[in-house]
Amino acid sequence: MSYHYNEAFENPDYHFSETLEIDRKRSSQKNLFSHQSPYNSSLHVSSGEHGGRGQNYPLAVRMASMRHGSEYSEDLPTVYGLSRSPHGNSMDNLSFEPEPELALSPPSTSHLLHRPDTRRISTGSEEEKLVGNLASMSTSERIKAIQKMPENMKKKREIRNKVLKEITEKSRRGRAQLSRCTQCLQGPALLFRRFGNSLAEYFHALRLWHRTLKVIGAEFGTSVLSYFIFLKWLLTFNLFSFLINFSFITIPQFFAAEPNNVSFTGLELFTGAGYFQQTVLYYGFYTNATISKIKNGPSYNMQLAYIFTVGMYFAICFLILLLSMAKSFCRNFINPQTYSGNASRLLCTWDFNITNEKAVKLKQKNLRTQIKEDLMEVNREVLNLSARERLVRIVIHLVSWAASLGTAVAACAGVYFLSINNAKLFVNWHKNDLGSQAATLVLPIVTSLLNTFVPLFYSWLGHLERFQTPGYRIYVTITRNIILKISIVGILCYYWLNVVAASQSQCWETLVGQDIYRLVLVDFIFCLLGSFFGEFLRRIIGTAVCASWGPPEFDIGRNVLELIYAQTLTWIGILFSPLLPGIQMISFSIVFYVKKVSLMMNCQPPRKAWRTAQMTTSFMFLLFFPSFVGVLSVIAVTVWRLKPSEECGPFRGLSSMYAAVSNWIKILEGYTASKWVVWIYSNLITSELFFFILSVLVLIITYLYWQIIEGRKTMARLLRKQIINEGKDKMFLLEKLRALQRAKQTVLAWREQGRQSPYSAGSSRGTGFPQARSSGTGAAEALALALRAREAARWEDEDDDKDF
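Residues numbered from 1 in each chain as written. Predicted model: local features only at pLDDT ≥ 70, side-chain atom pairs only at ≥ 80, totals over all residues. Heavy atoms only, no water.

This next bit is on a nonpolar patch on the surface. Residues Leu689, Phe692, Ile693, Val696, Leu697, Ile700, Tyr703 and Leu704 make up a contiguous nonpolar surface patch of roughly 800 Å² in combined accessible area. The topology assignment puts Leu689 in helix H24 (residues 688-756). (Patch = residues over 30% accessible without salt bridge, like charges linked within 9 Å, V, L, I, M, F, W, Y side chains within 5 Å. Areas by Shrake-Rupley, 256 points an atom, 1.4 Å probe, with all protein chains shown as cover. Salt bridge = Lys/Arg side-chain N within 4 Å of Asp/Glu carboxyl O. Helix = DSSP H or I, 4+ residues; strand = E, 2+ residues; numbered from the N terminus.)

Rendered as structure tokens:
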């Protein structure tokens, strides 16, 4: 049975492979399975006709199309009646609908003349007609049609070459009729198309860490692979952020920048102060003037550029996150590939283009790991616990949650009191001595220590609770970590927006940017140390102290939350430090290689292989909510409510950052050509009704999309049930046909005994030995009665369903 999502069915190299030539020659000589199947070789023809590759409906097997090639097809009676399933709640099975016009005569093959994919080539005229039909098809249809031909590979290649030759001749005749101008335009168009194809192949070959991800997926499974895919996605995301900010904010500032007279000591790499304070790294360095290098020429308003770039960046981030979640949701929850069995993955997904020995072994490992994960999910253990054991488990879960929540509250309290004490350093901010700068690292170090060791405690609690599947443990660990990290980020945001922003005597935006820079840097250092040395120590302890522990497994929940925490800090700091995504991009690149080396050297594959197709969607959702939504709230309060510094930054002297947009709209009101901008601002951007209607439309679209998803799931379940019922139908009819065959063999044996017996002439009437004709009629009646009984049973089931 074929499905449209099986890759091998769409792979031309699979169907034109030399390895299939042996099977085709054997099938053309003799049907090796004729003694097992009641369907003869003619059914393979209808298989190509009705159930070819790429179709979504099952194979239709006609009862009337049986021929003498089958051992059960000789002298079988014709049954006029629908074949129904006896298994309850069955559906109409179109595979066994009778064909009265074919029941009384041999099936005709004249209808195959117009189907080049299902007939053999016999005469030259038919071959010419076939070549003409194939030449008129599209490329994909032509490939599928040639693949489904019941011919050997040599014949298929000959037909393909003739078709290509016919297409070339037609194109030459067409070019001869075109005008000279059209011929001139075709050359550049062809070159442009070839250039596009070459460029696409080049970018496909430059995919970042493609082989590394394959090795990780083959060795450690999709659960660990999902972390590295998420890390790669965040790296690409920060690259996009850096390019936007650098292009529209940093490059224009270079034209108005003043020389930096502060000396570089090297300590700035850790504190972010000193020399970096007078660079484009921070908000306070950017000018509030309109940049213009040519007198009476075009100008660049830095205030509008800064706020519009940040605003458009967050709007694009919002759309990218929504689209990424929708794409991941469709791929992991709605895609019909999730309903494919292990047989299709085992038999139909091999890529015959792979010729390298290492690539073959890697592909084998990958398939083996995926099949293990699927089988582990199917054969999931169901624990039958007693009431006492269940009570003990509930108590352990409650104690674990109480311990985790208490630890989170204590950590947040420590960060809060430490941040309040850290505010006293602002008094000595004018001092650039080593002690004052080193004191600014206390808050980031303590916060990073809490974010490093508390998640380890959560992981230990997860192992103590002994969840039934690793997925449950990971999701619980992620939930506890997200509560801890979001709470810490909330305390820090409160500290920045209420304590630091209240000190209007200094450039508080730059101070916040430096705090976030130190947090990102120290968190990156602790991440590297924990990734390599932490896993190494866990391996030494696991192998030396307790041999039963063994090497540790890769902690997916803790590592994913580290990425989400780092990205949240980057989003908050992008308003105060526009180049922070570039720093985070470098750190993510280093983290990828360090995590990969640590994984290969210190970790073992999961003891229980389990499929995590939905985990990437969960990561995206956690990145969107509460991370991105919380950041939007912080940015909105900063832009609309807080007063900018009087001494630095592009918004100095304004009541709020958003006041720059309001002042610009007032200027546009005096220009007639800009009335449409004023109308959009007044009636859409500042209108609550517009956002209410937009929210209602989004909810309606979401509801409709959800209903479509549920309908597809229901349809998939019904189709799977129909496939099962069709298999049962075929087994039922197969048993009936075998019973008829046994009855026929018994009749033939009786007749043979009657011929050999000297009393055969007189005993055939008086002893009750049945005649061949009467036995055949009785067998036909028995089959008809069986089918009628099945039909009546189906009607009774339908009536019962209606009553309920």
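All right, on to the packing of aromatic side chains then. Applying the stated criterion across every chain, the model contains 34 aromatic pairs. Taken together, a centroid distance of 6.5 Å and an interplanar angle of 70° make the contact between Phe276 and Tyr517 edge-to-face. One end of the pair, Phe276, is in the loop between helix H10 (268-271) and strand S1 (290-291); the other, Tyr517, is in helix H18 (residues 508-545), with 241 residues separating them in the sequence. In this pair, the class of Phe276 matches that of Tyr517, namely buried. Over the aromatic face of Tyr565 sits the side chain of Lys485, whose NZ or CZ is 5.1 Å from the ring centroid. (Phe/Tyr/Trp six-rings, centres within 6.5 Å; stacked < 30°, edge-to-face > 60°. Buried < 20%, exposed > 50% of the residue type's maximum accessible area, 1.4 Å probe, protein only. Lys NZ or Arg CZ within 6 Å of the ring centre and 35° of its normal.)

Right, let's talk about the environment of Phe417 for a bit. One can find Phe417 in helix H14 (residues 387-422). For Phe417 and Ile491, which are 74 residues apart along the polypeptide, the C-alpha to C-alpha distance reads 9.9 Å.

We now examine unusual backbone geometry. Going from Phe625 to Pro626, the amide bond is cis rather than trans, its omega being 10°. Position of Pro626 relative to the elements: it lies in helix H21 (residues 615-640). In this structure, Arg466 takes a positive phi of about 55° despite not being glycine. Structurally, Arg466 is set in the loop between helix H16 (442-465) and helix H17 (470-500). Judged by relative accessible area, which is 64%, Arg466 ranks as exposed.

Per the stated rule, a full pass over the model turns up one disulfide. Two residues, Cys507 and Cys648, share a disulfide whose sulfurs are 1.7 Å apart. The chirality of the disulfide connecting Cys507 with Cys648 is right-handed, given an S-S dihedral of about 95°. Here the residue Cys507 occupies a position in the loop between H17 and H18, and Cys648 occupies one in the loop between H21 and helix H22 (659-668), the gap between them amounting to 141 residues. (Disulfide = S-S within 2.5 Å.)

This brings us to the pattern of salt bridges. If the charged atoms of two oppositely charged side chains come close together, the side chains can form a pair. The full count for this structure, using the stated rule, is 11 salt bridges. Its salt-bridge partner being Arg558, residue Glu562 comes within 3.6 Å of it at the nearest N-O pair. Highlighted residues: Glu562 and Arg558, both in helix H19 (residues 556-573), separated by four residues, approximately one helical turn. Neither Glu562 nor Arg558 differs from the other in exposure class; each is buried. Close ionic contact of Lys643 with Glu646 constitutes a salt bridge, the shortest N to O distance being 3.2 Å. Relative accessible area serves as the criterion here: at 42%, Lys643 is assigned to the partly exposed category. Among the residues examined, Glu646 registers a relative accessible area of 43% and is labelled partly exposed. Taken together, the shared-partner salt bridges connect Asp555, Arg558, Glu562 and Lys595 into one network.

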